[in-house]
Amino acid sequence: MTIIICAIVIVAALITLIINIFFRKVEDSQDVIDDSSLPCLSVLLTVQDNARELEQHLPALLTQDYPAGFEVIVVVSKSEDDTNDVLKKLSATYPNLYTTFIPDSSRYMSRKKLAVTLGVKAARHEWILMTEANCQPASNQWLKRMARHCQDTTDMVMGYTNYDEEASDYQRFECLQEQRYLLRKAQRGTAFRCEPGNLLFRKSMFLDNRGFEGNLKYVRGEYDFIVNKFAEKGNTVIETSPEAWMIEDAPYKKTWKNRHLYLMETKRHLARSFCSLLPYRLDSILMHLNYLLIIGCACYGYWLMRQGNGMTEPWMLWGTAIAAFLITIILRMIIAKKACKQFNEDIPFWKIIPFEISRCWRNLIWRIRYIFSDKYNFICHKV
């Protein structure tokens, strides 16, 4: 019995290393396309009181190295700061910047989704690259890297986004882990949803299928609903090269809270939720089961010792528990650190295991806060 228990604990430790999103490969196809074959692009931003962010990040969008030509469309939802002044000043310098506004009379629909719809209709080009005012490209090759996947068989391209260095280590870790699940899902099957800031899609696909019809009343989730509604197996590709990354400003405490709560509301209305969320749930369950087996093995050894069954079996169990624990933490840290290095995330070794364990418990806390929140905050129709 002791030998069987020891074998189970060691095998579980090894298996959970493989059943781990950081162990699974996430890379794009690295297609090489000549500049002459790149399509013209429309870059779309929707803003609301984002004067500081526009002044800081918009020039990086407007000065991209993209010979095929591109335009930047800024749709202003509401402006009570200096947003209009910033846009006027930049328009005088950059002729490829265009601005439009949402009517103040718009009611009973998400103003963010309405802004995206107006921006798509105003775009002059077939391919639209949607991002946010608080995001900045990691390089001036962002457009080239994303557009190299614009093929006849492709309708959407998902890129990588994470927070800047001002964000906490946990915020960057959570974003990295979540994006690996989403990018791998798009790479290996039918895309489920997309984190904000780096999504390229066809204008005709959006308009021909009536855009956000069916979910206009939900306040947020515009990236998620686009990908979830229009994704089919094989029509979505990913772009992971460092030149195509988007760097998002560190979130404020309220922004971080709202992001989680609105996402929980959005997930309730997405198709393919069960199958898409299953890998994360299995990874988390098996990881915790592994730690419980290690603790149980050590506790069983202590119980045998207290029963006076000699010292051979207890020491075998304790040795197995220690070996399984070391295998788990050391190899999980190495695997996760390698994944962090791929996306240039400098997260300390010693924080990785606590972050992995605590994420599901943090999600449980967000779930409880969502359950007790006012659901009218997530929709525009106040019945």
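Our subject is the structure listed above.
Residues numbered from 1 in each chain as written. Predicted model: local features only at pLDDT ≥ 70, side-chain atom pairs only at ≥ 80, totals over all residues. Heavy atoms only, no water.

Enquirer: I tried to follow the overall build of the chain on my own but got confused; where do I start?
Expert: Secondary structure summary: the chain contains 12 helices and 10 strands in total. Across the chain, every contact between residues at least 6 apart in sequence was considered, and the portion connecting residues at least 24 apart equals 83%. On the chain, roughly 18,500 Å² of surface is accessible, and the fraction owed to carbon and sulfur atoms is 59%. (Helix = DSSP H or I, 4+ residues; strand = E, 2+ residues; numbered from the N terminus. Contact = heavy atoms within 4.5 Å. Areas by Shrake-Rupley, 256 points an atom, 1.4 Å probe, with all protein chains shown as cover.)

Enquirer: Mind showing me how you'd approach unusual backbone geometry here?
Expert: Most peptide bonds adopt trans geometry, and most residues besides glycine take a negative phi value. With phi around 55°, Asp49 is a residue other than glycine that occupies positive phi space. By secondary structure assignment, the location of Asp49 is in the loop between strand 1 (41-48) and helix 2 (51-62). The exposure class of Asp49 is partly exposed, given its relative accessible area of 30%. Look at Arg272: it is not a glycine, yet its phi comes out positive at around 65°. With respect to the element layout, Arg272 can be found in the loop between helix 9 (253-267) and helix 10 (273-306). Arg272 sits in the partly exposed class, given a relative accessible area of 32%. (Buried < 20%, exposed > 50% of the residue type's maximum accessible area, 1.4 Å probe, protein only.)

Enquirer: Looking at this structure, I do not really get the environment of Leu97. What am I missing?
Expert: Note that Leu97 resides in strand 3 (residues 97-101). For the pair Leu97 and Val43, spaced 54 residues apart in sequence, the C-alpha to C-alpha distance is 9.5 Å.

Enquirer: So what exactly am I meant to see when it comes to helix 9 here?
Expert: Residues lying three or four places apart along an α-helix face the same way, a consequence of the helix completing one turn every 3.6 residues. With 15 residues, helix 9 extends 22 Å between its outermost C-alpha atoms, agreeing within 8% with the 21 Å of an ideal straight helix rising 1.5 Å per residue. Every buried residue belonging to helix 9 is among Trp256, His260, Leu261, Leu263, Met264, Glu265 and Thr266, and all of these are buried. (Expected span 1.5 Å × (residues − 1).)

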